[in-house]
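Close look at the chain arrangement
This is what each chain is made of:
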Amino acid sequence: PFSGFKDFSSYCEVNNPMNFYMNIACPTLLLNALDDPVCLPENIPMELAPTTPNCSLLVTKTGSHIAYSDGGFGQGQWMARL
């Protein structure tokens, strides 16, 4: 079992954001970095950005995965200031 699901595949099927993105009601910023080792550039559906209501996609060259940090020790996050 994986997080209450039969297996990892079942978890991914139910929690795939592609099942929900067209129902986003509040303005949402989607932030991805091209050097992200988890969310790979080929998995960013850039063609959907212009036609998805209430969403803006921002893709940066660097930032890694959840690492839009300030300072040498990541004292803050510049992502929060966007």
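Up top you'll find the structure we're talking about.
Quick caveat: nothing in here was measured; it's all calculated off a predicted structure. Each residue is numbered by its place in its chain's sequence as written, counting from 1. Predicted model: local features are reported for residues with pLDDT of at least 70 only, side-chain atom pairs are reported and counted for 80 or more only, and whole-chain, interface and lining totals are derived from all residues. The side-chain quantities take in all heavy atoms of the structure and omit both hydrogens and water.

1. What to know about the overall build of the protein chain
What counts is decided by this rule: Secondary structure elements are defined from DSSP: runs of H or I of at least 4 residues count as helices, runs of E of at least 2 residues count as strands, and each element is numbered from the N terminus. When a residue's accessible area, from a 1.4 Å probe over protein chains only, is under 20% of the maximum for its type it is buried; when over 50% it is exposed; and in between it is partly exposed. Residue contacts are counted whenever heavy atoms from the two residues lie within 4.5 Å of one another. Here the open area of atoms and residues is found with the Shrake-Rupley method and a 1.4 Å probe, where only the protein chains shown may cover a residue.
From N to C terminus, the protein chain includes 1 helix and 4 strands. When the elements of the protein chain are put in sequence order from the N terminus, they spell out α-β-β-β-β. Looking at the protein chain as a whole, 13% of its 82 residues are labelled buried. Considering only residue pairs separated by 6 or more positions, the protein chain has 62% of its internal contacts joining residues 24 or more positions apart. Counting every atom, the protein chain has about 6200 Å² of accessible surface; 60% of that belongs to carbon and sulfur.

2. Focus on the packing of aromatic side chains
Keep this limit in mind: What counts as a ring pair is set by centres within 6.5 Å for rings of Phe, Tyr and Trp (its six-membered ring), and what kind of pair is set by the plane angle: stacked under 30 degrees, edge-to-face over 60, tilted for all other angles.
Using the criterion set out here, one finds 2 aromatic pairs in the structure. Pairing Phe5 with Tyr11 gives two aromatic rings, centres 5.5 Å apart and planes at 80°, and the pair type is edge-to-face. The class of Tyr11 is partly exposed, set by a relative accessible area of 29%. Judged by centre distance (6.4 Å) and plane angle (20°), the ring pair of Phe8 and Tyr11 falls under stacked. With Phe8 and Tyr11 both in helix α1 (residues 8-15) and 3 residues apart, the pair spans about one turn of that helix. An aromatic cluster of three or more residues is present, and its members are Phe5, Phe8 and Tyr11.

3. Observations concerning unusual backbone geometry
In this structure, Asn54 takes a positive phi of about 65° despite not being glycine. Within the secondary structure, Asn54 sits in the loop between β1 (28-33) and β2 (55-60).

4. Description of the layout of surface pockets
Quick note on the threshold: Note on definitions: the grid is 1 Å and covers protein atoms alone; a cavity is a set of points where a 1.4 Å probe fits but cannot get out; a pocket is an open set with protein on both sides within 12 Å along at least five of seven lines; lining residues have an atom within 4 Å of a point. Grid points are joined across faces, edges and corners, and a volume is the space filled by probe spheres set on the points. Here the nonpolar group is Ala, Val, Leu, Ile, Met, Phe, Trp, Tyr, Cys and Pro; Asp, Glu, Lys and Arg are the charged ones; every other residue, Gly included, is treated as polar.
Looking at the largest pocket, its volume works out to about 450 Å³. Lining the largest pocket are 19 residues, with Pro17, Met18, Leu30, Asn32 and Pro45 sitting closest to its centre. For the lining of the largest pocket, the element with the highest residue contribution is β2, accounting for 3 residues. Within the lining of the largest pocket, the residues separate by chemical class into 14 nonpolar, 5 polar and no charged.

5. What to know about the side chain of Thr60
The condition that has to hold: Polar contacts, as counted here, are pairs of nitrogen or oxygen atoms within 3.5 Å of one another; within protein the pair requires one atom able to donate a hydrogen and one able to accept it, and residues that are adjacent in sequence qualify only if both atoms are side-chain atoms.
Tracing the backbone shows Thr60 in strand β2. Within the structure, the side chain of Thr60 is placed 2.7 Å from the backbone oxygen of Thr62, a separation counted as a polar contact.

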